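Summary of the model geometry
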Amino acid sequence: MSKAITIAEAQRYDAHTINEIGIPALVLMERAALATFNNILNDDFDLSRIVVVAATGNNGGDGIAVARLLKIRGLNVEIYLLGNPDNATPQTKQQLKIADYYSIPRITDLNRIVNATLIVDAIFGVGLSRLITGKFADAINAINAADAKTVAIDVPSGINADTGDVLGVAVVADSTTTMAYNKVGLLTTSGKQHSGTIHVADIGIYAQDRLEHAR
Ligand SMILES: NC(=O)C1=CN([C@@H]2O[C@H](COP(=O)(O)OP(=O)(O)OC[C@H]3O[C@@H](n4cnc5c(N)ncnc54)[C@H](O)[C@@H]3O)[C@@H](O)[C@H]2O)[C@H](O)CC1
Ligand SMILES: [K+]
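Residues numbered from 1 in each chain as written. Chains lettered and ligands numbered in written order. Predicted model: local features only at pLDDT ≥ 70, side-chain atom pairs only at ≥ 80, totals over all residues. Heavy atoms only, no water.

The protein has the name NAD(P)H-hydrate epimerase in an unreviewed UniProt entry, where Levilactobacillus koreensis is given as its organism. As its UniProt record puts it under Sequence similarities (unreviewed entry), the protein is described as follows: "Belongs to the NnrE/AIBP family." Per UniProt, the protein has the following entry under Function (unreviewed entry): "Catalyzes the epimerization of the S- and R-forms of NAD(P)HX, a damaged form of NAD(P)H that is a result of enzymatic or heat-dependent hydration. This is a prerequisite for the S-specific NAD(P)H-hydrate dehydratase to allow the repair of both epimers of NAD(P)HX." (UniProt positions renumbered as here; feature names shortened; annotations may be inferred.)

If you want it as structure tokens, here you go:
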């Protein structure tokens, strides 16, 4: 049984890798995006109309980087951004700057989500901390109403990664690319129901960070 970690462990390993080992947060974000991007290409999704639904935390940053990778691959991808970009994390601000360089359209019409063929859920990851309401809930309901396949980044948005509980409303994903290790909440019945196929991505974050032995 491969290792599964809690939110606190994920945040601690993330901070240790960045602050003690010295791997920049943007490098971890790029590796997270590349892993998600490759999982998308390796699956048999209809890539004709892709919408990345992102908020302004680092889960959103992962998703905006995925959008850029898909755009460079020549695919039709749009970003539906939730929240004020001025309040975004430094890494997510950087990803928005890069996405703007590639002229990736920012959309505000929920119907574009409903009519997508593939949706990338980059709203919340391990930073989800309270009940989801308002425009965040509207976007998740639109994602779940769409016929599109949905790929979640790290955690299906709305799921508590420790308990599997739904915080108001949660994305029902077809697949989830979760970073470093599986999350204990995704092993619960609710977590499994909302995650779909789970891919664990090695992005350079390890519990025993001296030497990574066979995982
Ligand atoms: N740990 C790793 O290996 C890596 C993780 N990455 C990605 O970063 C996210 C965690 O990012 P963080 O900024 O801490 O939080 P989120 O993006 O999950 O949440 C965004 C933000 O949203 C606010 N918030 C929380 N609950 C609500 C709510 N109910 N309604 C509205 N807003 C809410 C809160 O302020 C949060 O900060 C992780 O999941 C990975 O995807 C790195 O990119 C790569 C390494
Ligand atoms: K997510």
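Mapped onto this structure's residue numbering, the UniProt feature "binding site: K(+)" (unreviewed entry) falls at Asn 59, Asp 121 and Ser 157. With the annotated positions falling across 99 residues, the maximum pairwise C-alpha distance of 9.5 Å places them together in a single cluster. Along the chain, Asn 59 turns up in helix H3 (residues 58-72). Setting aside its immediate chain neighbours within four residues, Asn 59 contacts Asp 121, Ala 122, Ile 123, Phe 124, Gly 125, Ile 153, Asp 154 and Ser 157. Mapped onto the elements of the fold, Ser 157 is located in the loop between strand E6 (149-153) and strand E7 (175-179). According to the relative accessible area criterion, Ser 157 is buried, its value standing at 0%. In this structure Ser 157 touches Asn 59, Asp 121, Ile 123, Phe 124, Ile 132, Ile 140, Val 169, Ala 170 and Val 171, once residues within four positions along its chain are discounted. (Helix = DSSP H or I, 4+ residues; strand = E, 2+ residues; numbered from the N terminus. Contact = heavy atoms within 4.5 Å. Buried < 20%, exposed > 50% of the residue type's maximum accessible area, 1.4 Å probe, protein only.)

The protein atoms that coordinate the potassium ion (ligand 2) are Asn 59 (OD1), Asp 121 (O), Phe 124 (O), Ile 153 (O), Val 155 (O) and Ser 157 (OG), at distances of 2.6 to 3.1 Å. For the potassium ion (ligand 2), the six donor atoms in the first shell make angles of 69 to 170° at the metal, a pattern classed as irregular. For the potassium ion (ligand 2), the single-chain donor residues occur in sequence as N-x61-D-x2-F-x28-I-x1-V-x1-S. In this pair, Phe 124 sits in the loop between strand E5 (118-122) and helix H6 (134-145) while Ile 153 sits in strand E6, placing the two residues 29 residues apart along the sequence. The class of Phe 124 is buried, set by a relative accessible area of 18%. When its relative accessible area of 0% is taken as the criterion, Ile 153 is described as buried. (Donors = N, O, S within 2.8 Å, 3.2 Å for Na, K, Ca; no water. Tetrahedral: all angles 85-135°; square planar, octahedral: opposite > 155°, others 65-115°.)

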